[in-house]
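Chain and residue survey
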Number of protein chains: 4
Amino acid sequence: MFKYPMRVRDYECDLQGVVNNSVYQNYFEHARHEFLLESEIDFSDLAEQGVNLMVTRVELDFKRSLRPKHDFYVTVEVEKISRIQYAFIQHIYLLENDQLMVSSKAIGVAVNAKGRPMASPELDRLLNHA
Amino acid sequence: MFKYPMRVRDYECDLQGVVNNSVYQNYFEHARHEFLLESEIDFSDLAEQGVNLMVTRVELDFKRSLRPKHDFYVTVEVEKISRIQYAFIQHIYLLENDQLMVSSKAIGVAVNAKGRPMASPELDRLLNHA
Amino acid sequence: MFKYPMRVRDYECDLQGVVNNSVYQNYFEHARHEFLLESEIDFSDLAEQGVNLMVTRVELDFKRSLRPKHDFYVTVEVEKISRIQYAFIQHIYLLENDQLMVSSKAIGVAVNAKGRPMASPELDRLLNHA
Amino acid sequence: MFKYPMRVRDYECDLQGVVNNSVYQNYFEHARHEFLLESEIDFSDLAEQGVNLMVTRVELDFKRSLRPKHDFYVTVEVEKISRIQYAFIQHIYLLENDQLMVSSKAIGVAVNAKGRPMASPELDRLLNHA
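Residues numbered from 1 in each chain as written. Chains lettered and ligands numbered in written order. Predicted model: local features only at pLDDT ≥ 70, side-chain atom pairs only at ≥ 80, totals over all residues.

**Quick notes on the relation of the copies chain B and chain A**
- With an RMSD of 0.0 Å, the fit of chain B onto chain A corresponds to turning through 180° and sliding 0.0 Å along the axis. Taken together, the rotation and translation describe the operation of a two-fold axis. For chain B, the smallest separation between a C-alpha atom and the rotation axis is recorded for B:Glu59, amounting to 2.2 Å.
- Here 100% of the contact residues of chain B are again contact residues in chain A; the copies associate through an equivalent surface. (Least-squares fit on C-alpha atoms with pLDDT ≥ 70 in both. Contact = placed C-beta atoms within 7 Å.)

**Focus on the nonpolar core**
- Counting 133 residues, the largest nonpolar core has A:Tyr24, B:Tyr24, C:Tyr24 and D:Tyr24 as its most contacted members.
- Ignoring sequence-local partners within four residues, the contact set of B:Tyr24 consists of B:Val19, B:Leu60, B:Ile92 and B:Val102. (Core = buried A, V, L, I, M, F, W, Y, C linked by C-beta atoms within 7 Å. Buried ≥ 20, exposed ≤ 12 C-beta atoms within 10 Å, placed from the backbone.)

**Describing the pairing of strand β5 (residues 100-111) of chain C**
Residue and element names in this part refer to chain C.
- Here ten bridges tie strand β2 (residues 52-62) to β5, and the two strands are oriented antiparallel to one another. Bridge assignment links Asn52 to a residue of β5, and that residue is Val111.
- Bridge count between strand β4 (residues 86-94) and β5: eight bridges; the pairing is antiparallel. Considered in β5, the bridge of Ile89 is made with Lys105.
- Remark: five residues form the turn of the hairpin made by β4 and β5, two consecutive strands paired antiparallel; Asp98 in that turn has positive phi of roughly 55°.
- In this structure, the hairpin formed by β5 and strand β6 (residues 117-118) is closed by a connection of five residues, where Gly115 is found at a positive phi of approximately 85°. (Pairing = 2+ DSSP bridges. Helix = DSSP H or I, 4+ residues; strand = E, 2+ residues; numbered from the N terminus.)

**Some remarks on the packing of helix α1 (residues 21-38) of chain C against helix α1 (residues 21-38) of chain D**
- Running from amino to carboxyl end, α1(C) crosses α1(D) at an angle of 175°, the nearest separation of the two axes being 8 Å. By the criterion of interaxial angle, the relationship of α1(C) to α1(D) is roughly antiparallel. Packed against α1(C), whose contacting residues are C:Asn21, C:Ser22, C:Gln25, C:Asn26 and C:Glu29, the element α1(D) presents D:Asn21, D:Ser22, D:Gln25, D:Asn26 and D:Glu29 at the interface.
- Split by residue class, the contact of α1(C) with α1(D) holds no nonpolar, eight polar and two charged. (Axes fitted to C-alpha atoms, helices over the stretch in contact; angles between N-to-C directions. Parallel < 35°, antiparallel > 145°, perpendicular 65-115°, else oblique. Nonpolar A, V, L, I, M, F, W, Y, C, P; charged D, E, K, R; others polar.)

Structure follows, in structure tokens:
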């Protein structure tokens, strides 16, 4: 399974002293893009060509809070859920004890330059890979 | 119903030219805190006293993308779903035509200084209010 | 003088309980773009056409910290400092007492699609305006 | 000299397709805090104890833009400039060719629980170290 190591940065923490909820979406997105890159799917190159990978739905479950100096890793698994839809299942675990911190499910589609969802051979490649 | 007007800022847009997905969570959080303030519940004061309002789950449905210079408003409604859990139902609408852009459901609990969830008379006040 | 009203959002505050230093650059940038828009210079449209307004240097002086719920306004003044360089002088003042919180000086140039700095009739228009 | 390796994340890039200017302040702050940690000075622990390391002035020179997938490193050097003031000189270099991208000078002071600047034996330790 794809695992991406990261570390909390102080500026990502809010006045509660923990990582702000919206930042986990950044972590998940970054790990997802690195996962895509590993399969030679480049989010930023595609965007320049007018093909956008769009997320249509996100579910986030916050179990425990990440804090300053926490080292953690983000996992990525992908499932095809319709001809044009993919589900990215992701988790954040604390490095030191593999404790589950946050879980996410993101539904994605590929959208062409006209804004139309399209079947994506690139994303299909991920399925064999995972 | 509580409505909070906002405007897209260019730095909130990413290389796809639209508001980055994680930023919607910022918008929803800010509107939620302004909604709480209107009922004299102050998120940052509570945090200083050791009482944290925590979100345990978020669901986001992205219908259409906000773009630079878009004016929009965020709505907030609250429902009690158990003795200690509250659901915040929120939507983002484009100002010019009331088109639905993004929907969110956030489940929240109040947590005391020891990290224990607790019944919250403050949050209960919101229910009569809404 | 151009003045743009804003309000601190809780997620912009860090674990010191005040607005994180990097966020002031967001505030200044947003106010600057609104200032440009008022003169019909659209940062995001120009970016799409391949003309980028680039900042080459920023100086920031932090006098006092903005905190949750603070209402403030951002001022913008512009000076031409060479054939192709413009200086944006900006200040953030607390709304309730006009107290100076943060000052900024940003040096900007217009850059064409090939990455070359160019004289900009659009930016020159700002000078008469200010 | 202290060097901290980082990698651009797509969400840090704005609609110009490059890292947004304000994000460099995040990079510099994070590298500075890691530098302090190496000398056992913990920014977030100090904040909890009421001792805040505050930046009073920042100068940033943007030479070249970081883009998606760029690997880079941030350097940190420190100089004492008065009894209570420290200057952090920092640079960002592209990993692949050591090209200078952005330079920063940040003036910092330690501030006690009453908001008074104070001489800081902790920060003085950095000077021998550097």
